[in-house]
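Examining the three-dimensional arrangement
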Amino acid sequence: MSDESSETSGHNRELDALRDGLSRPLREIAAKYFYDDRGSALFERITELREYYPTRTEISILERDAREIMADARAGHLVELGSGAGRKIRLLLDRWEARDEGGRCTMLDVNQSFLDQSIEALARAYPRCAFDGVVGDFTTDLDRIAPSSAPRLTVFFAGTIGNLYPHERLAFFRSIAASMRPEDSLLVGVDLVKDTARLESAYNDSEGVTAEFNLNALRVLNARFDADFDESAFEHRAFFDRAQSWIEMRLRATRATSALVRATGQRVELSAGDEIRTEISCKFTADSLRNDLASAGLALRAWRTDPRHDFALAHIWSAP
Ligand SMILES: C[S@@+](CC[C@H](N)C(=O)[O-])C[C@H]1O[C@@H](n2cnc3c(N)ncnc32)[C@H](O)[C@@H]1O
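Right, let's talk about unusual backbone geometry for a bit. Although it is not a glycine, Arg-74 adopts a positive phi angle of roughly 50 degrees. Turning to its location among the elements, Arg-74 is positioned in the loop between α3 (53-73) and β2 (77-81). A tally of 13 C-beta atoms within 10 Å means that Arg-74 is categorised as partly exposed. With phi around 50 degrees, Asp-226 is a residue other than glycine that occupies positive phi space. Within the fold, Asp-226 resides in the loop between α8 (209-225) and β7 (234-241). You can call Asp-226 exposed: it has 12 C-beta atoms within 10 Å.

On to the nonpolar core. Side chains of nonpolar character tend, in soluble globular proteins, to be buried together. In terms of nonpolar packing, the biggest core is built from 56 residues, with Leu-78, Leu-92, Val-155, Val-188, Val-190 and Ile-247 touching the most fellow members. With 6 residues, strand β13 (residues 311-318) is the largest single contributor of residues to this core. Looking at this core, you find at least three residues from each of domain 1 (3-34 + 198-282) and domain 2 (53-192 + 285-318). For Val-190, the residues in contact, after removing those within four places along its chain, are Gly-159, Ile-161, Gly-162, Phe-284, Leu-289, Ala-312 and Ala-314. Leu-22, Leu-218, Phe-225 and Phe-234 belong to the second-largest nonpolar core, a separate cluster that totals 23 residues.

Once that is clear, we can look at the site of the ligand. In the vicinity of the ligand there are 18 residues, among which Lys-32, Tyr-35, Gly-82, Gly-84 and Ala-158 approach most closely. For the shell around the ligand, a count of residues per class yields 7 nonpolar, 7 polar and 4 charged.

Here we take up the domain arrangement of the protein chain. Partitioning the protein chain into domains gives domain 1 (3-34 + 198-282) and domain 2 (53-192 + 285-318). Inter-centroid distance (C-alpha atoms) of domain 1 to domain 2 is 27 Å. Each partner contributes residues to the interface: domain 1 has 8 residues there, and domain 2 has 8 residues. Examining the composition of the side of domain 1 that touches domain 2, we find that 4 residues originate from one element, strand β11 (residues 275-282), more than from any other. Class assignment for the residues of the side of domain 1 that touches domain 2 results in 5 nonpolar, 1 polar and 2 charged.

Calculation rules
- Residues numbered from 1 in each chain as written.
- Predicted model: local features only at pLDDT ≥ 70, side-chain atom pairs only at ≥ 80, totals over all residues.
- Helix = DSSP H or I, 4+ residues; strand = E, 2+ residues; numbered from the N terminus.
- Buried ≥ 20, exposed ≤ 12 C-beta atoms within 10 Å, placed from the backbone.
- Core = buried A, V, L, I, M, F, W, Y, C linked by C-beta atoms within 7 Å.
- Domains from an automatic or database assignment.
- Contact = placed C-beta atoms within 7 Å.
- Near = placed C-beta within 6 Å.
- Nonpolar A, V, L, I, M, F, W, Y, C, P; charged D, E, K, R; others polar.

Rendered as structure tokens:
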């Protein structure tokens, strides 16, 4: 397939998925639609919030264990999925022996301008390491990361794996497993199950930044799919569903509203109280993750967590 026709079929798949999500009884859009430049900047603000413990906790684990992680991985090629501002990877780059001797680092994200900026900043800070970027979706575009002969360490921070539904997570692990050689490994940041109040306050901050981030998805839909959602007709909602072990973020219509999505040829009619699910964020235990990995032919080799057991970095290899 030519580049152009594979791009067209990728775009058509995306439109089909959007149309399908917006036609369900509980309407739903993919979490990637939070992220244009404004959404990425809002996420950076979320990481600074008092209530939002995942970022600072993951960084504290990295600061403590990065040297050991890099020694275990013995990588010559680092890959970061959903790389965003590319802040955490610096903690690995700082402790990577191969960095200045042929080390290569690939960043993949849906947001092109954020990706370009972060690669530029990283290339300035680590001039002897070769950086490249892939604008793409980590659920469909892993095969666009150029292969390397050196052992590869793929990192997936921020608990973003939790945005995938269990069946999507399994497909993701299987596709990673299919491309992994015995010398390759995967480092995944996972948010851990904890009491409901702490989980819910992380997604309902007192400054309303998460609410703005959530509402930003409507702006992204309007710009990208020629739609006319009225942001002022929606409010942010986030709650923990313990049975599913995930946080759900939704946008609830505060009054009757409708939107035309020209790219999918769809009119979306909502009554007051109707909701659109914008994100799930699954919470894990070491055992729940181990079970997922076993179904994909992967194995958990190291589980690094903070003293409060709020967050963990799981180092994963092909199952022997
Ligand atoms: C929660 S942020 C994490 C950013 C950064 N890795 C960190 O740890 O702070 C998620 C990042 O993944 C990107 N992203 C979200 N969904 C994606 C998808 N399906 N494919 C590729 N990137 C995606 C977003 O643009 C954003 O930069």
